[in-house]
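Coordinates in review
Letter by letter, the chains look like this.
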Amino acid sequence: MSFDLKKLIRRNIRDLQPYSSARDEFSGEAKVFLDANENSLGSPLIQWYNRYPDPHHRLLREKLSVIKGIVPEHIFIGNGSDECIDLLYRCFCEPGKSNTIICPPTYGMYEVSANINDVKIVRAPLLPDFQLDLVHLEQLVNEDTRIIWICSPNNPTGNLMQWQDIETILNHFNGLVVIDEAYINFARQRSWITALTDYPNLVVLQTLSKAWGLAGLRLGMAFASTAIIEVLQRVKPPYNISQPAQELALKALEEVEQVNDMIRHLVDMRDALAEVLATMPEVETVYPSDANFLLVKIRNARKVYEFLLENGIVVRDRSKVQLCDDCLRITIGTEQENTHLVDALIRWQDSVIN
């Protein structure tokens, strides 16, 4: 493989003179800040929030580096993983020329963000077992292909992609391979972060929204070579992560053991719910899951979805998604919420039988 990052970066991005914020132009400690036109008298909340946040998220990246076992220079913090996705398109794909490959069924923002950035989407559908179709994927790659998106564990199917298949792609593709690991904490497989030093074209996405339970803070992470991270840092808005979000994330990252306990509990409830659902006559398949949700093939999925909604239970109807005919995606809730779901499905079954 001959991977040259400079050839991937858009010309205007290579030539970009990034915005230099007031906080970029000094280093070290200071007691008096008169550089950023802030309100020096404070705010209606507390005085701290009248100051701009750290644009480089230094403390947050340092804390994450300890947890992830990787130096801060390999970490980018985004306003949710969606910002990371958008920036990858904006930095490495030429509008109206480049194309990107997705493997449906998969996370919908890869396509939405491509459309926003005028990048052509090429589809390499998964095989019936929801694994990558390497033969088809290879046929679709051309000189304008810049990014291949792989969601593992995959949304909405819940399964991990085979490690050796991803290795094959990394070894033979000259563009970026982005592995979205939003749900990796619920799987038994190690993260692809451990392989970053082996593959200069690898980008790994993770989030604090799932296992860490911080969806409301909007914090996503990209892990990649220092060269790729430097490009993302140049293009991002100067203050993309708010001060409260950084503070709360740092506080949460102190509670690793509590999060690990929650992960174990969610996995146990996932497996228990899968067993119960598999016994129901109307359920055709409960697909194996490495995430915090289950993909369930059930007769008359749309009607079941509407019945659950009438009973105050919201799941995701995926029945119109490729390879997911008559499927509902069910997030693992609390024990009480899972019980409500099962009770409602039993009532649905009884209504069908009678």
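Keep in mind it's a predicted model, so treat the numbers as computed, not measured. As a convention, each chain's residues are numbered from 1 in the sequence order in which they are written. At least 70 in pLDDT is required for a residue's local features to be given in this predicted model, at least 80 for side-chain atom pairs to be given and counted, and no such filter applies to totals for whole chains, interfaces and linings, which use all residues. Side-chain metrics rest on all non-hydrogen atoms present in the structure, leaving aside hydrogens and water.

Another aspect to go through is the sheet that holds strand β2 (residues 99-102). A pair of strands counts as paired when DSSP detects no fewer than two bridges linking them. By the criteria applied, helices consist of DSSP H or I runs no shorter than four residues and strands consist of E runs no shorter than two, each listed in order from the N terminus. Here 7 strands make up an open sheet; going across it, the order is β1-β7-β6-β5-β4-β2-β3 and the pairing mixed. Looking at strand neighbours, the two that pair on one side only are β1 (75-78) and β3 (120-123), the edges of this open sheet. On average, each strand axis in the sheet is inclined to that of its neighbour by 25 degrees, with strand direction left out of account. Here 4 bridges tie strand β6 (residues 202-207) to strand β7 (residues 220-223), and the two strands are oriented antiparallel to one another. Across the sheet, residue T207 finds its bridge partner in β7, namely G220. In this fold helix α3 (residues 58-68) packs onto β1, β6 and β7, with an angle of close to 120 degrees to the strand it touches most, β1. Between N-to-C directions, angles cover 0 to 180 degrees, with each direction set by a line fitted to C-alpha atoms, over the stretch in contact for helices. Residue contacts are counted whenever heavy atoms from the two residues lie within 4.5 Å of one another.

This paragraph deals with the pattern of salt bridges. Just to be clear on terms, a salt bridge is a Lys or Arg side-chain nitrogen sitting within 4 Å of an Asp or Glu carboxyl oxygen. Here the structure, examined in full by the defined rule, presents 9 salt bridges. In this structure, a network of salt bridges that share partners links the residues R302, E306 and D317.

Locating V321 in the fold gives a position in the loop between β10 (316-317) and β11 (327-331). On the accessibility criterion, V321 (23% relative accessible area) is partly exposed. Between the C-alpha atom of V321 and that of P105, which follows or precedes it by 216 residues, the distance is 6.5 Å. In this scheme, a residue with accessible area under 20% of its type's maximum is buried, one over 50% is exposed, and one in between is partly exposed, where area comes from a 1.4 Å probe on protein chains only.

Omega for the bond connecting P104 with P105 falls within 30 degrees of zero, at 0 degrees, which places this linkage in the cis form. Here P105 lies in the loop between β2 and α5 (109-116). In this structure, the amide linkage connecting N155 to the following residue, P156, adopts the cis form with an omega of 25 degrees. Turning to its location among the elements, P156 is positioned in the loop between β4 (145-151) and α7 (163-172). For L323, which is not glycine, the phi torsion reads 70 degrees and is therefore positive. Assignment of secondary structure puts L323 in the loop between β10 and β11. The exposure class of L323 is partly exposed, given its relative accessible area of 35%.

With that settled, consider helix α9 (residues 243-252). Each α-helix turn comprises 3.6 residues. Residues three or four places apart therefore point the same way. Turning to α9, its buried residues are Q243, A245, Q246, A249 and A252. Close packing links the buried residues of α9 with α3. Under this definition, polar contacts are N or O atom pairs within 3.5 Å; protein pairs additionally need one hydrogen-donor-capable and one acceptor-capable atom, and for neighbouring residues in sequence, both atoms have to be side-chain atoms. Capping the start of α9, S242 holds a side-chain oxygen 3.2 Å from the backbone nitrogen of A245, two or three residues further along.

With that settled, the discussion passes to the sheet that holds strand β8 (residues 283-286). Across the sheet, which stays open at both edges, the 4 strands sit in the order β8-β9-β11-β10 with antiparallel pairing between neighbours. A strand with exactly one partner marks an edge of an open sheet, and here the two such strands are β8 and β10. Sheet topology note: the β10/β11 ladder contains 2 bridges and is antiparallel. Directly across from R316, in β11, lies its bridge partner R329.

What follows deals with the state of the cysteines. Defined by distance alone, a disulfide is two cysteine sulfur atoms within 2.5 Å. Inspection of the entire model under this criterion finds 0 disulfides. No disulfide involves C103; its nearest neighbouring cysteine sulfur is the one of C151, lying 10 Å away. Judged by its relative accessible area of 5%, C103 falls in the buried class. The exposure class of C151 is buried, given its relative accessible area of 3%.

Before going further, it helps to examine the nonpolar core. A general trend in soluble globular proteins is that nonpolar side chains are found buried together. By nonpolar core is meant a set of buried Ala, Val, Leu, Ile, Met, Phe, Trp, Tyr and Cys residues that side-chain atoms within 4.5 Å join together. Formed by 54 residues in total, the largest nonpolar core has its most connected members in W192 and L202. Excluding residues that lie within four positions of it along the chain, W192 makes contacts with W163, I166, E167, L170, I179, E181, Y199, L202 and V204.

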